[in-house]
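# Geometric and topological summary
Each chain, letter by letter, is given below.
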Amino acid sequence: MILTGDYHTHTVYSHGKGTIRQNVEAALKKGLKEIAITDHGPGHLVFKTKRESFFKMREEVDSLNQEYKDIRILLGVEANIVDYSGNIDVDQEILDIMDILLVGYHYGTRMKKWIDLYRMYAMNLFSFKKIRQLNSDAIIGAIKKYNVDIITHLGDRMRVDIKKIAEVAKEHGTMLEINASPNHGQLNFRNLNIAKDTGVKFVINSDAHSPERVGEVSRAMEVVKMARLNRKLIYNVEQNCEWKEDWEE
Ligand SMILES: [Zn+2]
Ligand SMILES: [Zn+2]
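Note that the coordinates shown come from a computational prediction; the quantities given were computed from them, not determined experimentally.

Turning next to the UniProt feature "domain: Polymerase/histidinol phosphatase N-terminal" (unreviewed entry) in the protein. The positions that UniProt labels "domain: Polymerase/histidinol phosphatase N-terminal" (unreviewed entry) are, in the present scheme, residues 5-83. With 32% helix and 27% strand, residues 5-83 has end C-alpha atoms that lie 31 Å from one another.

Written out as structure tokens, the structure reads:
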């Protein structure tokens, strides 16, 4: 399958190694038609983008779009969920200048209330049934409140109800990410199988933190193959191929 776009890449604006231009050039080399620059929201304790930087990034992306005609560059953000009703760390003024919104649930986020800090850092460590429901409600809350394009690395280090989230995501046109970064657990084979039965759409992303990794999704492809995922369910692979991959159902 041929990847058409990579919608999750980081740059020096948060904790990536490359500049926006370097990520774009790497994407061009891989033959991608689209790339999204999606640094972290400002609410993370360590990996954060300064709020003012987003305006600068907007200008940079606009000017690079003028310069590079063979690729479309999108400005996005990987926003953090900051409470269990699904609020995120990006305000409306920033959302207004974004082309794409990714939402992730990350350890290390400054949760707004003490009770939520306890839930995130204590309850998640134990096998409490309750936290599975709280985590799921947080993600579902975000999907309902915002125009979320992609939920990143769902199920990474957090217990969640995949089926429930996938159903709501499908209803709202939100895609679930199959994340190729070695730093993340991801939609594993079992969860992918549960999610695909809901008809939700998936997107395969590198989550690159350096230009060399832009468009590098082999780790995600292993899961795609194992789950025999049909390409029609994947947003960013070439659809008009005459052949069918041998694993596709
Ligand atoms: Zn993330
Ligand atoms: Zn990321």
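What follows deals with the coordination of the zinc ion (ligand 1). Within the protein, the zinc ion (ligand 1) binds to Glu78 (OE), His106 (NE2) and His153 (NE2); these donor distances fall in the range 2.1 to 2.2 Å. Along the chain, the residues donating to the zinc ion (ligand 1) are arranged with the sequence spacing E-x27-H-x46-H. Separating the zinc ion (ligand 1) from the zinc ion (ligand 2) is a gap of 3.4 Å, bridged by Glu78, which donates to each. Here the residue Glu78 occupies a position in strand β3 (residues 72-80), and His153 occupies one in the loop between β5 (150-151) and α6 (162-172), the gap between them amounting to 75 residues. There is no split in this pair, since Glu78 and His153 are both buried.

Those residues of helix α7 (residues 189-196) that fall on the buried side of the exposure criterion are Asn191, Leu192, Ala195 and Lys196. For α7, the angular spread of the buried residues around the axis is 130°, confining them to a single face. Of the surrounding elements, those touching the buried residues of α7 are α6, β6 (175-179), β7 (202-205) and α8 (218-226).

Attention now moves to the coordination of the zinc ion (ligand 2). Those donors, His8 (NE2), His10 (NE2), Glu78 (OE) and Asp207 (OD), are the protein atoms that reach the zinc ion (ligand 2), and they lie 2.1 to 2.4 Å from it. Classification of the site at the zinc ion (ligand 2) rests on its 4 donor atoms, whose angles at the metal span 76 to 163°, yielding the label irregular. Of note, the zinc ion (ligand 2) draws all its donor residues from one chain, in the sequence arrangement H-x1-H-x67-E-x128-D. By relative accessible area, His8 is classed as buried at 0%.

Right, let's get into the packing of α6 against α7. Packing of α6 against α7 brings their axes to within 9 Å, and their N-to-C directions diverge by 40°. Here α6 is positioned oblique relative to α7, judged by the angle of their axes. The crossing of α6 and α7 is right-handed. When α6 is examined against α7, the residues Ile162, Lys163 and Ala166 are found in contact with a partner set consisting of Asn191, Ile194 and Ala195. The class makeup of the residues in the contact of α6 with α7 is 4 nonpolar, 1 polar and 1 charged.

What follows deals with the pairing of β7. With burial as the criterion, each face of β7 is covered, one bearing Phe202 and Ile204 and the other bearing Val203 and Asn205. As judged from the 4 bridges shared by β6 and β7, these two strands associate in the parallel manner. Opposite Asn179, over in β7, you have Asn205 as the bridge partner.

Here we come to the side chain of Asn135. Along the polypeptide, Asn135 turns up in helix α5 (residues 129-145). Here Asn135 is in contact with Tyr84, Tyr105, Asn124, Met158, Arg159 and Val160, once residues within four sequence places are set aside.

Attention now goes to the packing of aromatic side chains. Two descriptors summarise a pair of aromatic rings, namely the distance from one centre to the other and the angle between the planes of the rings. Counted by the stated rule, this structure contains 2 aromatic pairs. Consider the rings of Tyr7 and Tyr235, whose centres lie 5.6 Å apart with planes at 55°: the pair is tilted. Highlighted residues: Tyr7 in strand β1 (residues 5-9) and Tyr235 in the segment after α8, separated in sequence by 228 residues. Look at Tyr84 and Tyr105: their rings are 6.1 Å apart centre to centre, the planes differ by 90°, and that puts the pair in the edge-to-face class. You can see Tyr84 sitting in the loop between β3 and α3 (92-95) and its partner Tyr105 sitting in the loop between β4 (100-104) and α4 (114-121), a full 21 residues away along the chain. Each member of the pair, Tyr84 as well as Tyr105, carries the same accessibility label: buried.

Calculation rules
- Residues numbered from 1 in each chain as written.
- Chains lettered and ligands numbered in written order.
- Predicted model: local features only at pLDDT ≥ 70, side-chain atom pairs only at ≥ 80, totals over all residues.
- Heavy atoms only, no water.
- UniProt positions renumbered as here; feature names shortened; annotations may be inferred.
- Helix = DSSP H or I, 4+ residues; strand = E, 2+ residues; numbered from the N terminus.
- Donors = N, O, S within 2.8 Å, 3.2 Å for Na, K, Ca; no water.
- Buried < 20%, exposed > 50% of the residue type's maximum accessible area, 1.4 Å probe, protein only.
- Arc of directions from axis to C-beta.
- Contact = heavy atoms within 4.5 Å.
- Tetrahedral: all angles 85-135°; square planar, octahedral: opposite > 155°, others 65-115°.
- Axes fitted to C-alpha atoms, helices over the stretch in contact; angles between N-to-C directions.
- Parallel < 35°, antiparallel > 145°, perpendicular 65-115°, else oblique.
- Left-handed = near helix turned anticlockwise from the far one by under 90°.
- Nonpolar A, V, L, I, M, F, W, Y, C, P; charged D, E, K, R; others polar.
- Pairing = 2+ DSSP bridges.
- Phe/Tyr/Trp six-rings, centres within 6.5 Å; stacked < 30°, edge-to-face > 60°.

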